Amino acid sequence: MSQTKELKELAKVFFKLGSIAFGGPAAHIAMMEDEVVNKRKWMTQEHFLDLVGATNLIPGPNSTEMTMHCGYERAGWKGLLVAGFCFIFPAVVITAIFAWLYQSYGQLPEVEPYIYGIKPAVIAIILMAVIRLGKKAIKTTELAILGVLTLIACLLGVNEIIALFGCGLLGLGIYFIKKSTRNLNSLFPILLIQLAEPVRLGAIKIFLIFLKIGAILYGSGYVLFAFLDTELVANGWLTRQALIDAVAVGQITPGPVLSTATFIGWQMNGLSGAVAATLGIFLPSFILVWILNPWIPKLRNSKMISAILDAINIAAVALILAVCIEMAQEAITDWRSIVIAVISLVLVFVFKKLNSAFIVLGGAVIGLILSFV
């Protein structure tokens, strides 16, 4: 098959996935495995699993990076670009439409009951993600302790980025202690670039903020909201209500949850802000996958990197839980919101295969009904 045909097939497959893939990274990867391995036999099951493991070694959205890995394996760097773009595009367009509608009508009284009901439902979804991710992340007692320490640090106001990488370094330290290593010559420094505050928040600043987040975002896409809470809400550039509503938009749209950057960018600076945020959040993933794909086998077999990754994963779960607690304090304020939260929690934990989009939509409907009570 010629490369042109391969690229067209990649575009078709991943545009379809980007249009129907609800339910978060795990669901996205399951759909991808069915299309790439079972239906089209583009790669073996073993190699697909190797790629899944590799996505956890680099920052960025796991399912989006998986599309890029699959595209690279199929048609080189052109395949990487085509697969990644086609998977992201539907979610970005749909999210942009929601962003415009929200900016125009989101504060109107007739829309508020829906938003009111969505907030507690989103809390339930995030809490379920915390538990699901936590079960995978807590592999040892040491990791559990690191997770608790990270959660406490975040609730006390420590910068989430510092907490995340600090936990990673502690995990590396535990690894060396266990191995009784006498020197740390192989340890490389992790550099965090802090942006200077400009006079005004324009498209360039928005791009740089989301570029930084995209370059250091480990774990689930939900960790994005922890970083945005620190970068934007804490500085008064975005309301926490808008952040919570952005989570909801991410749940009712297909594709990567990081497309909510489009929604948030639009609220901050219209269309130019949406474009800047979208480019910033996804650009690091394209670059990292392109550079690191050939090194996947070596990275995956490195015990030192695995130790860092284990610690970063548990720290990511702690960050999600910290934001969940803060959101709950603002969203669950009366008996109506408590009722919605309880119903959402029951649905999330009893019907574990239920698409999260239905939880959000259900919360909106219940919120509307209770508004008449």
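The preceding data block contains the structure.
Worth saying up front: this structure is predicted, and the values here are computed from it rather than measured.

Definitions and cut-offs
Residues numbered from 1 in each chain as written. Predicted model: local features only at pLDDT ≥ 70, side-chain atom pairs only at ≥ 80, totals over all residues. Heavy atoms only, no water. Helix = DSSP H or I, 4+ residues; strand = E, 2+ residues; numbered from the N terminus. Buried < 20%, exposed > 50% of the residue type's maximum accessible area, 1.4 Å probe, protein only. Contact = heavy atoms within 4.5 Å. Core = buried A, V, L, I, M, F, W, Y, C linked by side-chain atoms within 4.5 Å. Phe/Tyr/Trp six-rings, centres within 6.5 Å; stacked < 30°, edge-to-face > 60°. Polar contact = N/O pair within 3.5 Å; in protein donor to acceptor, adjacent residues only side chain to side chain. Salt bridge = Lys/Arg side-chain N within 4 Å of Asp/Glu carboxyl O. Patch = residues over 30% accessible without salt bridge, like charges linked within 9 Å, V, L, I, M, F, W, Y side chains within 5 Å. Areas by Shrake-Rupley, 256 points an atom, 1.4 Å probe, with all protein chains shown as cover. Lys, Arg positive; Asp, Glu negative; His and termini not counted.

### Details of the environment of Ala331
Moving on, step 1. Mapped onto the elements, Ala331 comes out in helix H13 (residues 303-331).
Moving on, step 2. Of the residues examined, Ala331 reaches a relative accessible area of 5% and is grouped as buried.
Moving on, step 3. Between the C-alpha atom of Ala331 and that of Ala341, which follows or precedes it by 10 residues, the distance is 9.4 Å.
Moving on, step 4. With sequence-adjacent residues up to four places away left out, Ala331 is seen in contact with Lys119, Pro120, Ile123 and Ser337.

### Some remarks on the nonpolar core
Moving on, step 1. Within the largest apolar cluster, 87 residues are counted, with the highest numbers of intra-cluster contacts made by Phe210, Phe227, Leu228 and Ile264.
Moving on, step 2. Contact partners of Phe210, with chain neighbours within four places excluded, come to Leu228, Leu232, Ala261, Ile264, Ala277, Gly280 and Ile281.
Moving on, step 3. Leu7, Ala21, Met43 and Cys86 belong to the second-largest nonpolar core, a separate cluster that totals 20 residues.

### Observations concerning the environment of Phe14
Moving on, step 1. Within the secondary structure layout, Phe14 lies in helix H1 (residues 3-20).
Moving on, step 2. Residue classification places Phe14 among the buried positions, given a relative accessible area of 0%.
Moving on, step 3. Note: C-alpha distance between Phe14 and Val82 (68 residues apart in sequence) is 8.6 Å.
Moving on, step 4. Not counting the four nearest positions on each side in its chain, Phe14 is found in contact with Met32, Val36, Trp42, Thr67, Cys70, Ala83, Cys86 and Phe87.

### Examining the packing of aromatic side chains
Moving on, step 1. For the structure shown, the criterion picks out 3 aromatic pairs.
Moving on, step 2. With 5.4 Å between their ring centres and 70 degrees between their planes, Tyr175 and Phe176 make a pair best called edge-to-face. This pair shows no difference in class: Tyr175 is buried, exactly as Phe176 is.

### Regarding the side chain of Thr150
Moving on, step 1. For Thr150, the position within the fold is in helix H6 (residues 141-155).
Moving on, step 2. Within the structure, the side chain of Thr150 is placed 2.8 Å from the backbone oxygen of Leu146, a separation counted as a polar contact.
Moving on, step 3. Not counting chain neighbours up to four residues away, the residues in contact with Thr150 comprise Ala163, Cys167, Ala315, Ala318 and Leu319.

### Quick word on the pattern of salt bridges
Moving on, step 1. Applying the stated criterion across every chain, the model contains 11 salt bridges.
Moving on, step 2. Of the charged contacts in the structure, one is a salt bridge between Arg74 and Glu9, with a shortest N-O distance of 3.9 Å. In this pair, Arg74 sits in helix H4 (residues 62-105) while Glu9 sits in helix H1, placing the two residues 65 residues apart along the sequence.
Moving on, step 3. Residue classification places Glu9 among the partly exposed positions, given a relative accessible area of 22%.
Moving on, step 4. Of the charged contacts in the structure, one is a salt bridge between Lys178 and Glu142, with a shortest N-O distance of 3.7 Å.

### Looking at a nonpolar patch on the surface
Moving on, step 1. A cluster of nonpolar side chains, namely Phe15, Phe85, Phe89, Val93, Ile97, Trp100, Leu101 and Tyr105, defines an oily patch on the protein surface of about 760 Å² accessible area.
Moving on, step 2. Sorting elements by how many residues they give to the nonpolar patch places H4 first, with 7 residues.
Moving on, step 3. On the secondary structure map, Phe89 appears in helix H4.
Moving on, step 4. By relative accessible area, which is 38% here, Phe89 ends up partly exposed.

### Some details on helix H9 (residues 223-233)
Moving on, step 1. Here H9 lies mainly inside the structure; 10 of its 11 residues are buried.
Moving on, step 2. Along H9, the positions that sit buried rather than exposed are Val223, Leu224, Phe225, Ala226, Phe227, Leu228, Asp229, Glu231, Leu232 and Val233.

### So, the side chain of Glu33
Moving on, step 1. Its place among the elements puts Glu33 in helix H2 (residues 25-39).
Moving on, step 2. Buried and unpaired, Glu33 has no salt bridge, with Lys41 as the nearest side chain of opposite charge at 8.4 Å.
Moving on, step 3. Dropping the residues within four chain positions of it, Glu33 is found in contact with Asn38, Gln45 and Phe48.

Spatial relationships are all this shows, so hold off on functional conclusions.
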